[in-house]
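What the coordinates show
These are the residues of each chain, in order.
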Amino acid sequence: MSWLGFPPDVAWVIHRAFRKLGHLTAYGLFAVLALRSVRGDRPTTGGFAAKALGIAVLLASTDETMQSFASERGGSALDVLLDACGAALALFFLLRSARRRLATNLGGGAR
């Protein structure tokens, strides 16, 4: 980022923010795929979303645990929390969308 003319401390903050945003996005996508895998052809429910969230948190925990054994990396509980938030946000919006679609298809309108 310093090649864009940012001072080193500002470049570091921008770089870190983009990395964290990437984690939110990646774990959100993973959670959506996990939900698809868990529910199969059945309708999306909160129970399936909870299972998908559990799988995403398990992956994040495993990843951070493995990183803690690498000398050039470090595991962080805050990163697990960030990854879990990305997964939860994606599942929340997907579940809300599914409920609205169901209400519309049943003639109840969007809530």
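Here the residue numbers are simple positions, counted from 1 along each chain's written sequence. Thresholds applied to this predicted model are a pLDDT of at least 70 for local features of residues and 80 or more for the giving and counting of side-chain atom pairs; totals over whole chains, interfaces and linings are not thresholded and use all residues. Just so you know, side-chain values use all the structure's heavy atoms and leave hydrogens and water out.

Observations concerning helix α3 (residues 77-105)
Three- or four-residue spacings in an α-helix give side chains the same orientation, since the helix completes a turn every 3.6 residues. Going along the chain from the N terminus, every DSSP run of H or I of four or more residues is numbered as a helix, and every run of E of two or more is numbered as a strand. Any helix carries an expected span of 1.5 Å times its number of residues minus one. Between its first and last C-alpha, α3 extends 42 Å over 29 residues, near the 42 Å set by a 1.5 Å rise per residue. Relative accessibility decides the category of a residue: with a 1.4 Å probe and only protein chains considered, values under 20% of the type maximum give buried, values over 50% give exposed, and everything between is partly exposed. By the burial criterion, the buried members of α3 are Asp-79, Val-80, Asp-83, Ala-84, Gly-86, Ala-87, Leu-91, Leu-95, Ala-98 and Ala-103. Put simply, Ser-76 is the residue that caps the front of α3, since its side-chain oxygen is 3.2 Å from the backbone nitrogen of Leu-78. Backbone geometry just downstream of α3 places Gly-107 in the positive-phi region, at approximately 90 degrees. In the analysis that follows, any N or O atom pair within 3.5 Å is treated as a polar contact, provided that within protein one partner can donate a hydrogen and the other can accept it, and provided that, for residues neighboring in sequence, both atoms belong to side chains.

Points about the packing of helix α2 (residues 46-68) against α3
Only the stretch in contact is used when a helix axis is fitted, and all axes are lines through C-alpha atoms; the angle between N-to-C directions ranges over 0 to 180 degrees. In contact at an axis separation of 9 Å, α2 and α3 are set at 160 degrees when each is read in the N-to-C sense. As far as their axial angle goes, α3 and α2 are roughly antiparallel. For the pair α2 and α3, the crossing hand works out as right-handed. Only Asp-79, Val-80, Asp-83, Ala-84, Ala-87, Ala-88, Leu-91, Leu-95 and Arg-99 of α3 make contact with α2, whose side of the interface consists of Gly-46, Ala-49, Ala-52, Leu-53, Ala-56, Val-57, Ala-60, Ser-61 and Glu-64. By definition in this entry, angles of less than 35 degrees are roughly parallel, angles greater than 145 are roughly antiparallel, angles of 65 to 115 are roughly perpendicular, and the rest are oblique. Crossings are sorted by hand: turned counterclockwise from the far helix by less than a right angle, the near helix makes the crossing left-handed, and turned clockwise it makes it right-handed. Note on contacts: a residue pair qualifies if any of its non-hydrogen atoms lie within 4.5 Å across the two residues.

Describing the confidence of the model for the protein chain
The pLDDT value expresses, per residue, how confident the predictor is, ranging between 0 and 100. Per-residue confidence for the protein chain gives a mean pLDDT of 90; residues scoring 70 or more make up 94%. Mean pLDDT across the secondary structure elements of the protein chain bottoms out at α3, with 92, and peaks at α2, with 96.

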